[in-house]
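# Topology and contacts: notes
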Amino acid sequence: MKTKTFFQTICIVAISMLFVISCNRDDHISLTKEEIQEIETYNPQLLIENFAAALAKVFSENKEIRELVKDEALKMIDDDYDVLYILVKDVKLKDNSTLESNLSKYLPREKLSQLIQEIPTLTIFVPELIDDAFSAVKWDTDLDIPKVAFIDKENNVHYIDSFGDKKTFAHNEIPLFPIVVLKKSERIVLKSSKLRSSIQDNVTVIRANNGLEFVFDDEIYDNIKPKQILTRLGANTDIPSNMNKMFDAKRFKDQVNIWQRDYIYYDISSVTGRGSFNENFGEHIYSFQLLGDPNGAYNGISDQTGDPRYNSSFVTGPRGSTPIWTDGEFEFWVNVKLASKTAVGDGIRKKFKAKGEQLFDLDIYYPPRGSGTAFVRGVSKTKKFFYHNPCTCLAGIWRSLVKQLR
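The sections below set out a description of the structure shown in this document.

### Some words on the overall build of the chain
- Counting its regular elements, the chain contains eleven helices and 17 strands.
- Split into buried and exposed, the 406 residues of the chain put 47% on the buried side.
- Sequence separation of at least 24 residues holds for 66% of the intrachain contacts in the chain that already meet a minimum separation of 6.
- As displayed, the chain offers around 21100 Å² of accessible surface, 48% of which is attributable to carbon and sulfur atoms.

Right under this line is the structure:
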C-alpha cells in the first residue's frame, strides 16, 4: 500500500470492485448439476464460481428471490447496494422455502456452509449501471433476471447466466444488462476480527441466525444507526450563537496574530496570554479538495487495482453513448498526531470516502452530431468535496488529542 501526503498523512486504499463489463463471448462453459457438485474443499475460487452458477439459476426460477435481493439492497445497510448473504439466506418466502433451500437444488448444503466458513461476509452487490441500464432502484423483478458476476484471483471479471454459460469481460467493457456481483464485503467484517481501538461501546452489531456477529469496518459505513445531518450555512444566514467563538477566533488572529485554537480552547486573546483548557469544542474536516495538476492528482489516487477510474471509451448502442466512472469510492485515511514539549499522543485515525465524480470533472470531447464517438480526454479540474456529515468523520479529534497530553 502506498502512502501519499496532502496536508496530513493520508493513506489511499482501494475500495469496492473495479466493475468493468459488456458482452464478450470469449468463453463458453456450460456447468451441469454434477459439475457444480464436484467442488474441491481446498478451492474457494471454484466454490464461489459454482455458487454464482446456482444463484443465476435461482434468479431465473424465482421472482420472490429477485424481490428479496432487491429489497435488501435498497436498505443500503453499509451505504451501498450490498446484500450480506448470511443475513438473507434463511428468510422465509411465501412457499416456506428460503434462498438457501433454493440454492441447495444446485449446490449441496454442505458446500453452502463451507462457503460461509470460507467467506463469512459473502455479499451480493447490485451495481448502478450506466444509462440507467440496471440498478437496485430500476430493477424490474418481473422482467429483469440478473446474471451473476465474480472476480478470479487474476482480477478477471466473469459472469454466468441461468443456462450455466460462463463469459469473461475485457477490462474496458461495461454491461448494459441486469447483473449482480459476488464479492467479499469491504465494509462489514466479523466482530472478532475487528480489533482496532476505534471500536466503541455503542458500535452497531449485526447478528446472523447462526450466531456470527458483524460490525462495520468504519462508522462512515454504518447506515443502520441514525445520522445527524448537518447543512452548510447560506451566505445571508445569521451566525448561530454557539458559533460566535469560531468567528471571534478568526478576528483575533487577524488583529493580534494569535493562533485561533489558543482562543477557542484556552480563551487566549493575546500573544502572551494564558488560559485553561475548554473541553466543549471539537473539530472535523468540512471540505476536501485535491490540489495541483488535475490529471496528476487523479493518477496519484487511481493507481491500484479496484480504484475508481473513468472509462476513456464509451458504450454505444440504441441507448446512446454515456461517460461513466467505474463503481466504487475512494477511501481516505487521516492520521492525526499531536506532540508537545513533554509528551506525544497516540493519535487518531479516521476515514472518509468520496466517489470519483465528487472529486473530479472530466474533459469530454463531443464530436459534431451524427459523426464520430465521444470520449474522455482526461480530467479537466478537481472539485471541492463537502463532507455530508462532518461529525462522523473527524469530530472531536483535537479535543481528544489534547486531553491525551494533559
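There's plenty left to go through after this.
### What about the sheet that holds strand β6 (residues 157–160)?
- Strand order in the open sheet made by the six strands is β3-β4-β8-β5-β6-β7, with mixed pairing throughout. Lying at the two open borders of the sheet, with one neighbouring strand each, are β3 (82–84) and β7 (166–168). For this sheet the average axis-to-axis angle between neighbouring strands, irrespective of direction, equals 30°.
- Here β3 pairs with strand β4 (residues 122–125) via three bridges, running antiparallel. Considered in β4, the bridge of Asp82 is made with Phe125.

### Topic: helix α9 (residues 294–301)
- Along α9, the positions that sit buried rather than exposed are Pro294, Ala297, Tyr298 and Ile301. Buried residues along α9 cover an arc of 100° about the axis, so they all sit on one side.

### Considerations on the pairing of β6
- Here β6 shows a buried face lined by Val157 and Tyr159 and a second buried face lined by His158 and Ile160.
- The sheet contact formed by strand β5 (residues 147–151) and β6 spans four bridges and is antiparallel. When the bridges of β6 are listed, Ala149 appears paired with Tyr159.
- Taken together, β5 and the strand that follows it, β6, pair antiparallel across an intervening segment of five residues, in which Asn155 is found at a positive phi of about 65°.
- Connecting the antiparallel pair β6 and β7 is a turn made up of five residues, with Gly164 showing a positive phi of about 85°.

### A word on the sheet that holds strand β10 (residues 205–207)
- Spatially, β9-β11-β10 is the arrangement adopted by the three strands of the open sheet, whose pairing is antiparallel. Only two strands of the sheet have a single neighbouring strand rather than two, namely β9 (188–190) and β10. Within the sheet, the average angular offset between the axes of one strand and its neighbour, ignoring direction, is 35°.
- Pairing analysis gives three bridges linking β10 to strand β11 (residues 213–216), with the strands arranged antiparallel. Along β11, the bridge assignment pairs Val205 with Val215.

### Considering the packing of helix α2 (residues 44–61) against helix α6 (residues 109–118)
- Packing of α2 against α6 leaves a shortest axis separation of 10 Å and a crossing angle of 125°. Between α2 and α6, the crossing angle belongs to the class labelled oblique. The two elements α2 and α6 meet at a crossing, and its hand is left-handed. Contact residues: α2 offers Pro44, Leu47, Ile48 and Phe51, while α6 offers Lys111, Leu112, Gln114, Leu115 and Glu118.
- Tallied by class, the residues present in the contact of α2 with α6 amount to six nonpolar, one polar and two charged.

Conventions used here
Residues numbered from 1 in each chain as written. Predicted model: local features only at pLDDT ≥ 70, side-chain atom pairs only at ≥ 80, totals over all residues. Heavy atoms only, no water. Helix = DSSP H or I, 4+ residues; strand = E, 2+ residues; numbered from the N terminus. Buried < 20%, exposed > 50% of the residue type's maximum accessible area, 1.4 Å probe, protein only. Contact = heavy atoms within 4.5 Å. Areas by Shrake-Rupley, 256 points an atom, 1.4 Å probe, with all protein chains shown as cover. Pairing = 2+ DSSP bridges. Axes fitted to C-alpha atoms, helices over the stretch in contact; angles between N-to-C directions. Arc of directions from axis to C-beta. Parallel < 35°, antiparallel > 145°, perpendicular 65-115°, else oblique. Left-handed = near helix turned anticlockwise from the far one by under 90°. Nonpolar A, V, L, I, M, F, W, Y, C, P; charged D, E, K, R; others polar.

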